[in-house]
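Given next are the chains, with one letter for each unit.
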2 protein chains.
Amino acid sequence: MNFGTVAILGPGLIGGSLALALAERGLAERLMIYARSPRALDAIRTAGVDAELTGNPSEAVRDADVVVLCVPIEAMAGLVHEIRDALKPTALVTDVGSVKGSVDRDLAPLLDDRALWIGSHPMAGSEQAGFAAARADLFEGASVIITPTQHTQSEAKRRAEQFWQSIGGTVVTLTPEKHDLHVAQISHLPHLLAAALVNQAFDEARELAGGGFRDTTRVASGSPELWTEILLANSKAVALQLDRIMSNLSAVESVLKGEDKAAAKSILFEMLKRAQHSRSKMTESNPLFKKR
Amino acid sequence: MNFGTVAILGPGLIGGSLALALAERGLAERLMIYARSPRALDAIRTAGVDAELTGNPSEAVRDADVVVLCVPIEAMAGLVHEIRDALKPTALVTDVGSVKGSVDRDLAPLLDDRALWIGSHPMAGSEQAGFAAARADLFEGASVIITPTQHTQSEAKRRAEQFWQSIGGTVVTLTPEKHDLHVAQISHLPHLLAAALVNQAFDEARELAGGGFRDTTRVASGSPELWTEILLANSKAVALQLDRIMSNLSAVESVLKGEDKAAAKSILFEMLKRAQHSRSKMTESNPLFKKR
């Protein structure tokens, strides 16, 4: 399989890993990489990626059959304004943003009649950022959510599926709204909890924490700029999930404070048993849970 | 260094790792292992650990210079009742329980004048349980909290320090009460959050979760029996820390729901920046954060 000319705009962790994966698997006839900063381009040149590098996004997309927006969410609309006149009408344009409702609302009207647009979100990443952390195997075994709407052309969906599958992803289709709710649950809420835990436990944990605390809070090392942007772009869904977990935790607190120790024992046991059971099911069904 | 005859009562993950560490480093002249179940003893025999195995706890401790209680918290007082008449008065008796206030209150009176007692808690473990998961290097780089009180003899403290250091631990001294507060913060609260997250996010996470969710919730795979016991034995401190994190999360929720997006951005950024900074300091100062 070959996707023709592929343009990656923003070669950070995700964009960089995408470039490495496409190059390693020989999936692009030509690979174009745009980065705003000359220093980022230098890093890719030094790494010896077989791609054409440019600081001009329109030049990157001019002949592209596939364009992947890998810049921060806040920068996407501006970038699309810059490139839209240079796009081929048959080009597939997608992104890798962690929030889909707002991205789709911003970009779909800009790309309408200019190219084939569909949002994507590869569920792969790391607390590290930048091209230095990029890996050709980042998407292997990862879920990639694509978010067609009623305006999405079926060809865009088909080609996006092929694209992500070809680098090892498992494609899941959700509406942008469902995506945002689900991802608030499995990514944005855990991030907030990890950050709150680190802030609360810092003094004790610095000296005493073991491997449990280390793993539970790993994501809190992620970029504060990136995560502030994500949480705000998905604030409604995050607030909802935060509300749900707080009422569950509040019930646990009542149980812990209560007088009836036998009832507390049975309620806590049920909660922990259910969690253990669910997590073992995840380990069975999700390939990433086996990989470390 | 050699600790003479060492008796390990309860060769699960921690007790088993202790036995392996002592054997590997040649730290015990004789190693006695007591397990209640014949099947557990068989597993150790099969693994070829150089130790004397017995199903009789009094026999295990009769000549022991060091006795380490590695049974569940709930079983400790019963076990100490069984062994106290067989102990040498010069024996050091310690434990590995995850809660120290209640353990010390239960055991100190039983061991007074019978042996040298001090509580211990190695901050090492795994979501796995049992001798099958034991590793000789489990304590390397781990903090081990010892919890002397005003009744603790200085010799008990000195020997416990030596013992844990000799297998690679870094000893930290806290009162049982401080221990329980700190550990509620860095271990018991994270466990509850992980379990609540898994229960809430199971349907979405099963298909979609990436490495972040996997690591954030790893501890939720821990034994529900063990953790129910721990949370109940430390319920007061856990409720306190739960209360603190809920008021912090509630503040975040208000920010997410508020109208003032600029204020929200700055508050979230400060929270995430502080967490990222704190976590990088932990990675610098805590050897376990470098080890995976």
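These numbers come from a predicted model, not from an experiment.

Student: Quick question: what am I supposed to make of the overall build of chain A here?
Tutor: Along chain A, the regular secondary structure elements total 11 helices and 9 strands. With the principal axes as the frame, chain A shows a C-alpha extent of 70 × 45 × 35 Å. The buried share of chain A, reckoned over its 292 residues, is 55%. The long-range fraction of contacts in chain A, counting pairs at least 24 apart against all pairs at least 6 apart in sequence, stands at 74%.

Student: Where do I start with the domain arrangement of chain A in this structure?
Tutor: Residues and elements named next belong to chain A. We note that the domain assignment places domain 1 (5-174) and domain 2 (179-289) within chain A. Its C-alpha centre places domain 1 at a distance of 31 Å from the equivalent point of domain 2. Every contact between the two is made by 16 residues of domain 1 and, on the other side, 17 residues of domain 2. Elements represented by at least two residues in the side of domain 1 that touches domain 2 include exactly α4 (73-83), α5 (101-111) and β8 (143-147). Grouping the constituent residues of the side of domain 1 that touches domain 2 by class yields 7 nonpolar, 6 polar and 3 charged.

Student: Is there a simple way to explain the sheet that holds strand β7 (residues 119-122) of chain B in this structure?
Tutor: Two orientations exist for strands paired in a sheet by backbone hydrogen bonds: parallel and antiparallel. Residue and element names in this part refer to chain B. One open sheet accounts for 3 strands, arranged β7-β8-β9; its pairing is mixed. Where the open sheet ends on each side, the last strands, each with one partner, are β7 and β9 (170-173). Within the sheet, the average angular offset between the axes of one strand and its neighbour, ignoring direction, is 25°.

Student: I would appreciate a short explanation of the interface of chain B and chain A in the present structure.
Tutor: Accessible area lost upon the coming together of the parts serves often as the stated size of an interface. On the chain A side, the residues contacting the 81 residues of chain B number 82 residues. Looking at the side of chain B that touches chain A, its residues break down into 43 nonpolar, 22 polar and 16 charged.

Student: What exactly am I supposed to notice about the relation of the copies chain B and chain A here?
Tutor: The operation linking the two copies of the chain is a rotation about an axis combined with a translation along the axis. Here chain B sits on chain A after a turn of 180° about the axis and a move of 0.0 Å along it, with an RMSD of 0.0 Å. The transformation just described matches what one would write down for a two-fold rotation axis. Distance from the rotation axis, computed per C-alpha, reaches its smallest value in chain B at Thr216 of chain B: 1.9 Å. Both copies contact each other with a shared surface, as 100% of the interface residues of chain B are interface residues in chain A too.

Student: Please explain the sheet that holds strand β4 (residues 66-69) of chain A as it appears in this structure.
Tutor: Residues and elements named next belong to chain A. Read from one edge of the open sheet, 6 strands run β3-β2-β1-β4-β5-β6, paired in parallel fashion. The open sheet has two free edges, formed respectively by β3 (52-54) and β6 (116-117), since each of these has just one partner strand. Here strand β1 (residues 5-9) pairs with strand β2 (residues 30-34) via 5 bridges, running parallel. Across the sheet, Leu9 pairs through a bridge with Tyr34, a residue of β2. The sheet strands contacting helix α6 (residues 154-166) are β4, β5 (92-95) and β6, and the helix crosses β5 at an angle near 60°.

Student: Before we go on, may I ask you to explain the nonpolar core in this structure?
Tutor: The nonpolar side chains of a soluble globular protein tend to be buried, and buried together. In terms of nonpolar packing, the biggest core is built from 208 residues, with Leu9 and Val67 of chain A together with Leu9 and Val67 of chain B touching the most fellow members. With residues near it in sequence (within four places) discarded, Leu9 of chain B still touches Tyr34, Pro57, Ala60, Val67, Val68, Leu69, Cys70, Val71 and Leu79 of chain B.

Student: How should I be thinking about the confidence of the model for chain A in this particular structure?
Tutor: Summary statistics for chain A give a mean pLDDT of 94 and a share of 99% for residues scoring 70 or more. Predicted as a complex, the structure gets a pTM of 0.86 and an ipTM equal to 0.86.

Student: What exactly am I supposed to notice about helix α11 (residues 261-285) of chain A here?
Tutor: Each turn of an α-helix holds 3.6 residues, which means side chains three or four residues apart point in the same direction. Over its 25 residues, α11 of chain A runs 36 Å from end to end, which matches the ideal 36 Å to within 8%, given 1.5 Å per residue. Listed in full, the buried residues belonging to α11 of chain A are Ala264, Leu268, Met271, Leu272, Ala275, Gln276, Ser278, Arg279 and Met282 of chain A. Those residues of α11 of chain A that are buried lie in contact with α10 (235-257) of chain A together with α7 (176-208) and α9 (224-233) of chain B.

Definitions and limits used
- Residues numbered from 1 in each chain as written.
- Chains lettered and ligands numbered in written order.
- Predicted model: local features only at pLDDT ≥ 70, side-chain atom pairs only at ≥ 80, totals over all residues.
- Helix = DSSP H or I, 4+ residues; strand = E, 2+ residues; numbered from the N terminus.
- Buried ≥ 20, exposed ≤ 12 C-beta atoms within 10 Å, placed from the backbone.
- Contact = placed C-beta atoms within 7 Å.
- Domains from an automatic or database assignment.
- Nonpolar A, V, L, I, M, F, W, Y, C, P; charged D, E, K, R; others polar.
- Pairing = 2+ DSSP bridges.
- Axes fitted to C-alpha atoms, helices over the stretch in contact; angles between N-to-C directions.
- Least-squares fit on C-alpha atoms with pLDDT ≥ 70 in both.
- Core = buried A, V, L, I, M, F, W, Y, C linked by C-beta atoms within 7 Å.
- pLDDT = per-residue confidence, 0-100.
- Expected span 1.5 Å × (residues − 1).

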